[in-house]
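A structural walkthrough
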Amino acid sequence: MAVDPRFSWPTRIYWEDTDAGGVVYHARYVAFMERARTEWMRALGFGQERTRTEHGLVFAVRAMTLDFLKPARLDDALDVTATLVQCKRASMVFDQSVCRGDQTLLTAQVRIAALDASTFKPRGMDDVLLAALKPYELQVSAQ
């Protein structure tokens, strides 16, 4: 299946996403990025349920660095990107961003751990899953 390595998932800002100041509450960005990574995996044919049942694997966020640049507001249409920049047997690293048009509102780097679905202990991906993900790994120069 052909999927753009720089995957983008659209979202819109609703009342429930905003804080008392009328801007997106900072924790909501984490949910937006989770959805983009999940939809990227689904587009590759590896939805969460399939990955759990067929590969005995789940993924969990291990570490996250966020840089909040500009606020998003009610009714904004956003694009949330997910780009795989490192793929090892038991972990992945994504560069992610949240954009409104050509304005970048947030950048993030997210480290994902592969866990055994029954024990939640770290475990490497099987050869089939690793081989499917590895071609999407982009080498991104440090900024």
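Further up the page is the structure itself.
This write-up is about the structure you can find in this document. (Residues numbered from 1 in each chain as written. Predicted model: local features only at pLDDT ≥ 70, side-chain atom pairs only at ≥ 80, totals over all residues. Heavy atoms only, no water.)

Glancing now at the overall build of the protein. From N to C terminus, the protein includes three helices and five strands. When the helices and strands of the protein are read in sequence order from the N terminus, they spell out β-α-α-β-β-β-β-α. Taking 2.2 N^0.38 as the reference for a compact globule, 143 residues should give roughly 15 Å; the C-alpha atoms of the protein span a radius of gyration of 16 Å, in line with that estimate. Its C-alpha atoms put the protein at 45 × 30 × 25 Å along the principal axes. Residue burial in the protein is summarised as follows: out of 143 residues, 40% are buried. For the protein, the proportion of contacts with a sequence separation of at least 24, taken over those separated by at least 6, is 69%. Accessible surface for the protein amounts to roughly 8,100 Å². Of this, 53% is attributable to carbon and sulfur atoms. (Helix = DSSP H or I, 4+ residues; strand = E, 2+ residues; numbered from the N terminus. Rg over C-alpha atoms; globule rule 2.2 N^0.38 Å. Buried < 20%, exposed > 50% of the residue type's maximum accessible area, 1.4 Å probe, protein only. Contact = heavy atoms within 4.5 Å. Areas by Shrake-Rupley, 256 points an atom, 1.4 Å probe, with all protein chains shown as cover.)

Here proline 71 lies in the loop between strand E2 (57–68) and strand E3 (77–88). C-alpha separation for the pair proline 71 and valine 61, spaced ten residues apart in sequence, amounts to 24 Å. Contact partners of proline 71, with chain neighbours within four places excluded, come to Val23, Tyr29, Arg100 and Leu105.

To continue, consider helix H1 (residues 28–43). When the terminal C-alpha atoms of H1 are compared, their 23 Å separation across 16 residues agrees well with the 22 Å that a helix rising 1.5 Å per residue should span. Positive phi appears at glycine 45, one or two residues downstream of H1, with a value of about 95°. (Expected span 1.5 Å × (residues − 1).)

In the structure shown here, the tally under the stated rule is five aromatic pairs. Judged by centre distance (6.1 Å) and plane angle (80°), the rings of tyrosine 29 and phenylalanine 32 are edge-to-face. You can see tyrosine 29 and its partner phenylalanine 32 sitting in helix H1, three residues apart, about one turn around the helix. Plain terms: the ring middles of tyrosine 29 and phenylalanine 68 are 5.7 Å apart, the flat faces sit at 65° to each other, and that makes the pair edge-to-face. Of this pair, tyrosine 29 sits in helix H1 while phenylalanine 68 sits in strand E2, placing them 39 residues apart in sequence. Looking at tyrosine 29, the relative accessible area reads 3%, which means it is buried. (Phe/Tyr/Trp six-rings, centres within 6.5 Å; stacked < 30°, edge-to-face > 60°.)

So, about the pairing of strand E5 (residues 103–116). Summarising the sheet, E2 and E5 pair through eleven bridges and their orientation is antiparallel. Within the sheet, the bridge partner assigned to alanine 60 lies in E5 and is alanine 113. Pairing analysis gives ten bridges linking strand E4 (residues 91–100) to E5, with the strands arranged antiparallel. Paired with valine 98 across the two strands is leucine 106, which belongs to E5. Between the antiparallel neighbours E4 and E5 lie two residues, among them glycine 101 with a positive phi of about 60°. (Pairing = 2+ DSSP bridges.)

Our focus in this paragraph is the sheet that holds E2. Read across the sheet, five strands follow the order E1-E3-E4-E5-E2 without closing on themselves; strand pairing throughout is antiparallel. The open sheet has two free edges, formed respectively by strand E1 (6–12) and E2, since each of these has just one partner strand. The sheet shows a mean angle of 25° between the axes of neighbouring strands, direction not considered. (Axes fitted to C-alpha atoms, helices over the stretch in contact; angles between N-to-C directions.)

This paragraph deals with the nonpolar core. Ranked by internal contacts, the top residues of the largest apolar core, which has 33 residues, are Trp40, Met92, Met125 and Leu133. Leave out the neighbours within four places in its chain, and methionine 125 touches Leu57, Phe59, Cys87, Lys88, Arg89, Ser91, Met92, Ala114, Leu130 and Leu133. (Core = buried A, V, L, I, M, F, W, Y, C linked by side-chain atoms within 4.5 Å.)

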